[in-house]
Amino acid sequence: MESFKIKKICCIGAGYVGGPTMAVIAEKCPHLKVTVVDINEERIDEWNSSDLENMPIFEPGLKEIISKVRGKNLFFSTQIAKEIKESDMVFISVNTPTKTEGFGAGYAIDLKWVESSARQVAKYAQGHTIVVEKSTLPVKTAEVIKEILLNSIKNKNCKDYDKTFSILSNPEFLAEGTAIQNLQNPDRVLIGGEDQESINYLKEIYMNWVKSTKILTTNLWSSELSKLTANAFLAQRISSINSISAICEVTGAEVGEVSKAVGFDSRIGSEFLSAGPGFGGSCFKKDILNLVYLAKFYRLNEIADYWEQVIKLNNWQNRRISQLIVEKLFGTVSLKKIVILGFSFKANTNDTRESPAISIVNDLLENGAEIKIHDPKVKSKQIMKDLNLSFNTKEKRKEFGSWDYVSDVYKALENADAAVIVTEWPEYKKLDWLKISEIMRNPAWLFDTRSITEPSAIKETSINYWSVGNGSLE
Ligand code: UDX
Ligand code: ADP
């Protein structure tokens, strides 16, 4: 291993984590060749597309980096075997959804994609390879990867006597919408592992742009558990403020004022205190469910119940919004036109995984509403997948509504009975409600689940207004 040096890196999985992370590594480390591989050919073609507006992932700042480094030291490919073979370091950044079937369904993470990546690495790697787990994973996953890799060497058919592996955990803390910023200037980088030499190789890569004092090293399990814990704490703050939003609405307190006052306490801090329709995204729910699963596995039932409550509160908050919409529209939304503003799980991303919009729209469709959906970045094809329903088609069930995709908000709001702001896209803050009040059908409603509109601007119109944590103005 004397002459071992990191020259080529490969990342398995060209998704929301793998794509931006490797783009930033390539940008900051021009001396390294970085290749992102994926089994999904369409995704790789999109990453290679000359039309930068057609990237599979929308992240502010991403296309600028891609245009600078793609084809120089950043490559996207489907040639998984070749790239693994040539790489000194392989990141695993594949999807890790919650299991839907079998043991642990609804709680445990489905590791089949991680396992198949580990098997590919075991098969194709040559010489010494450092394997870095990047996906959000259950505690002790590194063990699974390690076993697959080490067994491949032990296998008597294995002729690569010089094949060796070491495994590191390097959880990603980027938040979508600010991924590039988070990667370029991280709060911390966490590297878990047992082999100090390999830890140092990865640390050296980050030290090209991150101060060494921000790079923490731990054992493998602490690293994995830290990621789950960080996400559980963040999600818990949202459920906490959402619980307070409901109290504000009935008492006359304003949730924004409460958040501000509470956040001024330096021990609490001001971030992550915005009430909303409930958290979405690919991590929070999955990670907490995973923590619950882990606690149950070790028979720590009180701990499992404690964390599960964060999810229950989130589901409740989401549900109460659709119920409230129906209630305010005289108890029925059948054949009423409702415009949904925003479908992504937060602003500045085209990701819709676990978006609160999905369940709100589903509830309204169940109640017969005619839904128009607008989002600046999410494509109609994605919404169709999430709702599992083509647009403009009437379901056979009598009471079921229909939905359509719209690109012009003002046009969509013509004769609409209600508008629902689900995502806090900046452009929704600038809408002209006076103009809109003239084109909506009376009595018209605006439901602002993010509290981003200025109540005084709505007061000047004939529109009825409800916002999270403030209640109604009728
Ligand atoms: C999260 C973690 O922040 C990140 O560190 C981790 O690596 C992955 O999971 P992400 O899911 O991309 O990132 O976005 P985040 O900004 O955390 O938002 C998650 C959800 O919480 C969104 O639906 C967002 O709208 C909601 N949220 C966030 C609130 O409702 N209120 C807040 O104050 C903050
Ligand atoms: P994340 O948010 O964690 O990045 P995504 O679902 O956006 O998750 O991306 C994961 C990517 O991993 C997908 O593009 C998927 O096709 C890819 N992937 C899953 N399994 C494999 C595999 N065995 N080999 C290569 N790519 C894989």
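Keep in mind that what you see is a predicted model, and the values were worked out from it rather than measured.

**Topic: unusual backbone geometry**
Then step 1. Cis geometry is found at the peptide bond from Asn442 to Pro443, where omega equals -5°.
Then step 2. Checked against the element boundaries, Pro443 lands in the loop between helix H17 (433-439) and strand S13 (445-448).
Then step 3. The phi angle at Phe330 is positive, at roughly 60°, despite the residue not being glycine.
Then step 4. The topology assignment puts Phe330 in the loop between helix H12 (301-328) and strand S9 (337-341).

**Focus on the domain arrangement of the chain**
Then step 1. The domains assigned to the chain are domain 1 (8-218) and domain 2 (311-472).
Then step 2. One C-alpha centre belongs to domain 1, the other to domain 2; they are set 37 Å apart.
Then step 3. Counting residues at the interface gives 10 residues for domain 1, matched by 12 residues for domain 2.
Then step 4. Carbon and sulfur atoms make up 40% of the area that domain 1 and domain 2 hide from each other, which totals about 830 Å².
Then step 5. The three residues of domain 1 that bury the most area against domain 2 are Tyr16, Phe58 and Glu176, which together make up 67% of that side's buried surface.
Then step 6. Its salt-bridge partner being Glu176, residue Arg353 comes within 3.6 Å of it at the nearest N-O pair.
Then step 7. The interface formed by domain 1 and domain 2 holds six residue pairs in polar contact (both at pLDDT 80 or more) in total.

**Looking at the sheet that holds strand S8 (residues 215-218)**
Then step 1. With mixed pairing, the eight strands of this open sheet are ordered in space as S3-S2-S1-S4-S5-S6-S7-S8. With partners counted over all chains shown, the strands left at the sheet margins are strand S3 (74-77) and S8, one partner each. Across the sheet, the axes of successive neighbouring strands diverge by a mean angle of 25°, strand direction being ignored.
Then step 2. By the bridge criterion, two bridges tie strand S6 (residues 164-169) to strand S7 (residues 189-193) in an arrangement that is antiparallel. Its bridge partner lying in S7, Leu168 is registered against Gly193.
Then step 3. Set on the sheet, helix H8 (residues 196-206) makes contact with strand S1 (8-12), strand S4 (89-92), strand S5 (128-133), S6, S7 and S8; between it and S7 the angle comes to about 165°.

**Observations concerning the site of ligand 2**
Then step 1. Near ligand 2, the surroundings consist of 19 residues, among which Val17, Asp38, Arg43, Ser116 and Arg353 are the closest.
Then step 2. Asp38 is positioned with one of its side-chain polar atoms (N or O) 2.6 Å from an oxygen atom of ligand 2.
Then step 3. In the complex, 90% of the free accessible area of ligand 2, which totals 580 Å², lies under the protein chains.
Then step 4. Tallying contributions element by element places helix H5 (residues 112-124) first for the shell around ligand 2, with four residues.
Then step 5. Looking at the shell around ligand 2 residue by residue, the class counts come to eight nonpolar, eight polar and three charged.

**Overview of the sheet that holds strand S14 (residues 464-467)**
Two modes of strand pairing occur in sheets, parallel and antiparallel, and in both the strands are linked by backbone hydrogen bonds.
Then step 1. Sheet architecture is open: seven strands sit in the order S11-S10-S9-S12-S13-S14-S15, paired in mixed fashion. Sheet topology places strand S11 (402-405) and strand S15 (471-473) at the edges, where each strand pairs with a single neighbour. Between one strand axis and the next, the sheet turns through 20° on average, direction left out of account.
Then step 2. Bridging between S9 and strand S10 (residues 370-374) involves five bridges; their strand directions are parallel.

**With respect to the pairing of strand S12 (residues 418-421)**
Residues in a regular strand point their side chains to alternate faces of the sheet.
Then step 1. Here S12 shows no split at all, with Ala418 and Val420 on one side and Ala419 and Ile421 on the other all buried.
Then step 2. Bridging between S9 and S12 involves four bridges; their strand directions are parallel. Note on S12: the bridge partner recorded for Ile338 is Ala418.
Then step 3. When S12 meets S13, the two strands line up parallel, connected through four bridges. Note that in S13 the partner of Ala418 across the bridge is Trp445.

**Concerning the environment of Gln120**
Then step 1. Along the chain, Gln120 turns up in helix H5.
Then step 2. Assessed through its relative accessible area of 21%, Gln120 is described here as partly exposed.
Then step 3. Sequence separation of Gln120 and Ile148 is 28 residues, and the distance between their C-alpha atoms is 9.9 Å.
Then step 4. Not counting the four nearest positions on each side in its chain, Gln120 is found in contact with Ile12, Ile80 and Ile84.

**Brief notes about H12**
Then step 1. With 28 residues, H12 should cover 40 Å at 1.5 Å per step; its first-to-last C-alpha distance of 40 Å lies within 8% of that length.
Then step 2. If you look at H12, its biggest bend is around 25°, right at Glu308.
Then step 3. Note on H12: the residue one or two positions beyond its end, Phe330, has a positive phi of about 60°.

Analysis parameters
- Residues numbered from 1 in each chain as written.
- Chains lettered and ligands numbered in written order.
- Predicted model: local features only at pLDDT ≥ 70, side-chain atom pairs only at ≥ 80, totals over all residues.
- Heavy atoms only, no water.
- Helix = DSSP H or I, 4+ residues; strand = E, 2+ residues; numbered from the N terminus.
- Domains from an automatic or database assignment.
- Contact = heavy atoms within 4.5 Å.
- Buried area = accessible area lost by both parts, 1.4 Å probe.
- Salt bridge = Lys/Arg side-chain N within 4 Å of Asp/Glu carboxyl O.
- Polar contact = N/O pair within 3.5 Å; in protein donor to acceptor, adjacent residues only side chain to side chain.
- Pairing = 2+ DSSP bridges.
- Axes fitted to C-alpha atoms, helices over the stretch in contact; angles between N-to-C directions.
- Near = heavy atom within 4 Å.
- Areas by Shrake-Rupley, 256 points an atom, 1.4 Å probe, with all protein chains shown as cover.
- Nonpolar A, V, L, I, M, F, W, Y, C, P; charged D, E, K, R; others polar.
- Buried < 20%, exposed > 50% of the residue type's maximum accessible area, 1.4 Å probe, protein only.
- Expected span 1.5 Å × (residues − 1).
- Bend = angle between axes of the 7 residues up to and from the residue.

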